[in-house]
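Fold and geometry: a report
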Amino acid sequence: MRFLKNIVDKLEPTFSEGGKLAKLHSVYDGFKTFLFVPNTTSKSGVHIHDVTDSKRTMITVVLALVPAMLFGMWNVGYQHFLAIGQEAGFWMQFWFGFLAVLPTLIVSYVVGLGIEFTVAQIKGHEIQEGFLVTGFIIPLIVPVDTPLWMVAIATAFAVIFAKEVFGGTGYNVFNVALITRAFLFFAYPTAMSGDQVWVRTRDAFWWAGGKAVDGFSGATPLGQLSTAPEGTVYTDGFLHNIMGQPISFCDAFLGFIPGSVGETSTLAILIGAAILLITGVASWKIMLSVFAGGAITALIFNLWGPDTAAAQMPWYMHLVLGGFAFGAVFMATDPVTSPRTECAKWIYGLLIGAMAIIIRVLNPGFPEGMMLAILLMNIFGCLFDYMVVQSNIKKRMKRVPQK
Amino acid sequence: MPGMAAEKVAGAVASQEIAVVPDHFVGITPKVAVKEGDSVQAGSVLLYDKNHPEVKILSPVSGEVTAVARGERRKLLYVSVKANGQETQADLPKISISGKKEDVAEAIFAAGFGALIRQRPYDVVANLSNMPKAIFVSAFDSAPLAPDYNFILKGEEANLQAGLTALSRVAKVYYSVSPATSPALRNMKDVEVNEFVGKHPAGLVGVQMNHLDPVNKGEYVWSMNVQDVAVMGRYINSGKLDLTRKIAVAGAKVKDPAYVTVLAGSKIGDICRDNLIRDEHLRIINGNPLTGLRASEEDALSPFAAQVTVIAEGDETDEMLGWAMPRLKKFSSTRLFATKLQQAFCKNRTYDFDARICGGERAFIMSGEYDRVFPMDILPEQLVKAMIARNLDHMEQLGAYEVAPEDFALCEFVCTSKIETQRIVREALDYMRKELE
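Residues numbered from 1 in each chain as written. Chains lettered and ligands numbered in written order. Predicted model: local features only at pLDDT ≥ 70, side-chain atom pairs only at ≥ 80, totals over all residues. Heavy atoms only, no water.

A short note on the overall build of chain A
- Counting its secondary structure elements, chain A contains 17 helices and one strand.
- In terms of overall dimensions, chain A is globule-like: its C-alpha atoms have a radius of gyration of 23 Å, near the 22 Å expected for 403 residues.
- Principal-axis analysis of the C-alpha atoms gives chain A an extent of 75 × 70 × 35 Å.
- Taking all 403 residues of chain A together, 56% fall into the buried category.
- Approximately 17,100 Å² of chain A is accessible, and the part contributed by carbon and sulfur atoms is 70%.
- Positive and negative side-chain charges of chain A, numbering 25 and 24 respectively, have mean locations separated by a distance of 14 Å. (Helix = DSSP H or I, 4+ residues; strand = E, 2+ residues; numbered from the N terminus. Rg over C-alpha atoms; globule rule 2.2 N^0.38 Å. Buried < 20%, exposed > 50% of the residue type's maximum accessible area, 1.4 Å probe, protein only. Areas by Shrake-Rupley, 256 points an atom, 1.4 Å probe, with all protein chains shown as cover. Lys, Arg positive; Asp, Glu negative; His and termini not counted. Charge placed at Lys NZ, Arg CZ, Asp CG, Glu CD.)

So, in structure tokens, the structure goes:
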């Protein structure tokens, strides 16, 4: 530790103002505070501080995302070998998925952090940690076959136009990862939907390539729902996996289905949710109310909905399919883009859940509604806050003695 | 925190020089009433407020004015008086408790106690143009390492009662106690006694006001430290101006934490010079670790400080990969660390703090953090944002009249983004006062 500290101290003048590499001060500072807790002491106000900081908070969120990431990698391999009709052991499946997902993760981090570092240096800020989470989420919410250049462009777009132009972490109106997803969705729809993108049949790093066997169909369960002709009756065996076998609630909950990398396993997501709730990083009110809003809306469609398969699908299936759980746990709870008052969080969550299901059921153009529901509510979040603040103001105004 | 003051008086501190620092009296525009070399008596006026001449700061001792120190742009830094050991006293009016409320208030100010009263809105020294609707006195201090008033005021009950009675002639007095307050301090007459249960900030008058009688636009509320009320009572009962108070000297870097009897304005070095553990840089705090002023040994004890706290500065500490380590010995109010778990097993565990901010400043990221430590019917984050934006209408509507910087101390303590909340609030209140008064 002494050794490292000496190196860091020795480099300090080079990166400080007037030094040779002063242009890279933010980068130096980023690494320094990464290695050592900053020993700056308080100048005004309280003399003692809680040891928590935004690095600790962000790293906890990344930790919570790890189960979904690991499961997602394995599932990519599992679906791949299933599709090409090859037997493969657990580690082989995981290794394949790892190789398939890793490039996306690297591209997302390199592009996002590169922009983040540059902007921090231009503005003379410290490097902000927000993108550590965003960069980890991006590979989890795109199909595994998304071309890397698309990921790069979308990440750059989202970081610059959804975050930095507003002032950086803490000032953004929209969830940055979702903007990345939305950009991909609207700019390159063919690469982001349909039945060809969710399962990788080609090789990963020239390894384990193959051809899809006969009878393969790569559509996600939600894709199958939205393309079902009107009047189709939903039955237990309606949804099927890529080999045409029926999907049970259990399959969907555990995640043995095609979909975006990290969204398939509700179980892995719930492990992440447990980490977020135990550490108190995310709001349980938002998580609970998103699930409640989704369940209630889906139940209403079950009872009185139109005559489509999507409306008839039991409400509990809605909660374990597609990105619903992932959105509820990791995206809706983003503290920056969700409302900041407690009461508003309930309304926000309920409406996200409800909107997601409404879009799924009533709009055949969008098989999945979670992304749009959250982005929509990101806008309305401040409106809910406004109402809560107004009610506090009204209460105070009432208190003033009438003269 | 370790270093709680033991229940004993370690001695009386007799500082040779007493300094009056106008900066301690927030909100006054100081005007000096003496010159260097003047001889003064206890009770002679040293300073007064230019805008409210009734606000006077008196010399606590008799002696000679040794310095009227000024800094940049002739800003008055301090006036110091060298004690000559004689106890002569200037002519001061008696505070009678039978007169009209204006007369009682005037006498309190003339005897110099007015400068120790704080007024809300704006959290500044009170004056006679803004008469209060209520006066708040808290009989307990819930801040970290705070003194125990059961101990300090033992034997001063009659004086406290006299002080409270005098205040009660000016306005209704709310007197707040905690479950730990001794029966002797509970039995006070002429006041409304309320009990507040809970940890810090339960002992802050701001919280008590918000729950009992909130400040509305156009209203004024005063508050006074309970020991100052007793000191005032001492003057009422004996007619003698004896301003000595007991303060706690506490903190992990104090060898023998205990109480001392001292005059406000004494040098902090005189209070704790031989009692410090000097193995690393020290942070000396003129007050408690949450709201106190940063001080050196040369600085004068603030009349608003109930304690002197000394902890490690921490600028020589290097902690590696802090964001990933368990950091079992550190305190956090969040569940990102093991604090909560440890406290479940060991209730009285103490945590050592130094003055590091333990992170870098960021924009507001986490939500609901401030609400956890701000038990008032106010939206703290929204109010702070209005203050940053200098939006007067919003500040007023969101309750800026009711708050003082100290109410936000815990918000600042827990803030993940390390925002300097108290500084923001102080500056905003000054701005508000300038614009609206």
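Still to come is the rest of the account.
So, the interface of chain A and chain B
- Across the boundary between the two partners, chain A contributes 61 residues, which contact 75 residues of chain B.
- Summing the contributions of chain A and of chain B, the shared interface buries around 6,000 Å²; its carbon and sulfur component is 56%.
- Counting the surface chain A buries against chain B, the share from its top three residues, His47(A), Arg56(A) and Arg340(A), is 14%.
- Taken together, the links from chain A to chain B amount to four salt bridges.
- One salt bridge in this structure joins Glu129(A) and Arg362(B), with 2.7 Å as the shortest N-O distance.
- Where chain A packs against chain B, one counts 18 residue pairs in polar contact (both at pLDDT 80 or more).
- Of all the secondary-structure elements, those providing two or more residues to the side of chain A that touches chain B are helix 1 (2–15), helix 2 (25–35), strand 1 (36–37), helix 3 (54–83), helix 11 (266–278), helix 16 (342–362) and helix 17 (370–399) of chain A.
- No other element matches helix 17 of chain A, which puts eight residues into the side of chain A that touches chain B.
- Taken together, the residues that form the side of chain A that touches chain B break down as 26 nonpolar, 20 polar and 15 charged. (Contact = heavy atoms within 4.5 Å. Buried area = accessible area lost by both parts, 1.4 Å probe. Salt bridge = Lys/Arg side-chain N within 4 Å of Asp/Glu carboxyl O. Polar contact = N/O pair within 3.5 Å; in protein donor to acceptor, adjacent residues only side chain to side chain. Nonpolar A, V, L, I, M, F, W, Y, C, P; charged D, E, K, R; others polar.)

A look at the environment of Ser96(B)
- Tracing the backbone shows Ser96(B) in the loop between strand 8 (76–83) and helix 1 (101–110).
- Using a relative accessible area of 35% as the deciding quantity, one classes Ser96(B) as partly exposed.

Points about the packing of helix 3 of chain A against helix 4 (residues 90–123) of chain A
Residue and element names in this part refer to chain A.
- Look at helix 3 against helix 4: their axes get within 7 Å of each other, and the N-to-C directions meet at 115°. Judged by the inter-axis angle, helix 3 sits roughly perpendicular to helix 4. Once helix 3 is placed against helix 4, the crossing between them reads as right-handed. On the side of helix 3, the interface is formed by Met69, Leu70, Met73, Trp74, Val76, Gly77, Tyr78, His80 and Phe81, while helix 4 contributes Phe90, Met92, Gln93, Phe94, Phe96, Gly97, Phe98, Ala100, Val101 and Leu105. (Axes fitted to C-alpha atoms, helices over the stretch in contact; angles between N-to-C directions. Parallel < 35°, antiparallel > 145°, perpendicular 65-115°, else oblique. Left-handed = near helix turned anticlockwise from the far one by under 90°.)

Some points on the sheet that holds strand 5 (residues 45–49) of chain B
All names here are of chain B.
- Across the sheet, three strands lie side by side as 3-5-6; this open sheet has antiparallel pairing. Single-partner strands in this sheet number two, and they are strand 3 (30–32) and strand 6 (56–58). Neighbour to neighbour, the strand axes of the sheet diverge by 25° on average, direction disregarded.
- Pairing geometry for strand 5 and strand 6, over three bridges, is antiparallel. Across the sheet, residue Tyr48 finds its bridge partner in strand 6, namely Lys56. (Pairing = 2+ DSSP bridges.)

What to know about the sheet that holds strand 4 (residues 39–40) of chain B
Residues and elements named next belong to chain B.
- Judged by pairing direction, the sheet is antiparallel, and its four strands sit side by side in the order 2-8-7-4 without closing on themselves. Either end of the sheet is taken by a strand with one partner, and the two such strands are strand 2 (17–20) and strand 4.
- In this sheet, strand 7 (residues 63–70) lies alongside strand 4 in antiparallel orientation, the contact comprising two bridges. By the bridge assignment for strand 7, Val40 is matched with Gly63.

Brief notes about the environment of Ile247(A)
Residues and elements named next belong to chain A.
- Following the sequence through the fold, Ile247 ends up in the loop between helix 9 (221–227) and helix 10 (249–254).
- Measuring from C-alpha to C-alpha, the distance between Ile247 and Ile257 comes to 8.0 Å, with 10 residues separating the pair along the chain.
- Ignoring sequence-local partners within four residues, the contact set of Ile247 consists of Pro221, Asp236, Leu239, His240, Asn241, Ala252 and Ile257.

Some thoughts on helix 7 (residues 176–187) of chain A
Residue and element names in this part refer to chain A.
- Here helix 7 is 12 residues long and its end C-alpha atoms lie 16 Å apart, about the 16 Å a rise of 1.5 Å per residue gives.
- Here helix 7 lies mainly inside the structure; nine of its 12 residues are buried.
- Within helix 7, the full set of buried residues consists of Val176, Ala177, Leu178, Ile179, Thr180, Arg181, Ala182, Leu184 and Phe185.
- The backbone nitrogen of Ala177 has a side-chain oxygen 3.0 Å away, supplied by the residue at the start of helix 7, namely Asn175. (Expected span 1.5 Å × (residues − 1).)

Brief notes about the packing of helix 4 of chain A against helix 5 (residues 130–137) of chain A
Residue and element names in this part refer to chain A.
- Where helix 4 contacts helix 5, the two axes come as close as 8 Å, and the packing angle between them is 155°. Taken together, the axis directions place helix 4 and helix 5 in an arrangement best described as roughly antiparallel. You can see that helix 4 and helix 5 cross each other, and the crossing is right-handed. Facing helix 4, whose interface residues are Leu105, Ser108, Tyr109, Gly112, Leu113 and Glu116, helix 5 presents Phe131, Leu132, Gly135 and Phe136.
- The residue makeup of the contact of helix 4 with helix 5, split by class, is six nonpolar, three polar and one charged.

Observations regarding the nonpolar core
- By size, the foremost hydrophobic cluster in this structure holds 111 residues, and its most contacted members are Leu65(A), Leu225(A), Leu239(A), Leu276(A), Phe326(A) and Ile352(A).
- Considering each element in turn, this core owes the most residues, 12 residues, to helix 3 of chain A.
- In this view, Phe326(A) contacts Leu65(A), Ala68(A), Ile137(A), Leu140(A), Ile141(A), Gly262(A), Glu263(A), Ile269(A) and Met331(A); residues no more than four positions away in its chain are not counted.
- Grouped together as the second largest cluster of nonpolar side chains are 65 residues, Leu46(B), Ile117(B), Ala126(B) and Tyr235(B) included. (Core = buried A, V, L, I, M, F, W, Y, C linked by side-chain atoms within 4.5 Å.)

Brief notes about the pattern of salt bridges
Residue and element names in this part refer to chain B.
- Applying the stated criterion across every chain, the model contains 33 salt bridges over all chains.
- In this structure, Lys75 engages Asp23 in a salt bridge whose closest nitrogen and oxygen atoms are separated by 2.9 Å. Taken as a pair, Lys75 in the loop between strand 7 and strand 8 and Asp23 in the loop between strand 2 and strand 3 lie far apart in primary sequence, 52 residues in all.
- Judged by its relative accessible area of 38%, Lys75 is partly exposed.
- The structure contains a network of salt bridges with shared partners spanning Arg118, Asp123, Arg426 and Asp430.

Concerning the packing of aromatic side chains
- A complete count under the given rule lists 32 aromatic pairs over all chains for this structure.
- Measuring from ring centre to ring centre gives 5.6 Å for Trp95(A) and Phe98(A), while their planes differ by 15°; the resulting arrangement is stacked. On the criterion of helical spacing, the pair formed by Trp95(A) and Phe98(A) is a turn pair, its members being three residues apart in helix 4.
- On the basis of relative accessible area, Trp95(A) is assigned to the partly exposed category, the value being 44%.
- Members of the aromatic cluster, each reached through a chain of ring pairs, are Phe71(A), Trp74(A), Tyr78(A), Phe90(A), Trp91(A), Phe94(A), Trp95(A), Phe98(A) and Phe256(A).
- When the ring centre of Phe364(B) is taken as reference, the NZ or CZ atom of Lys385(B) above it lies at 5.1 Å. (Phe/Tyr/Trp six-rings, centres within 6.5 Å; stacked < 30°, edge-to-face > 60°. Lys NZ or Arg CZ within 6 Å of the ring centre and 35° of its normal.)

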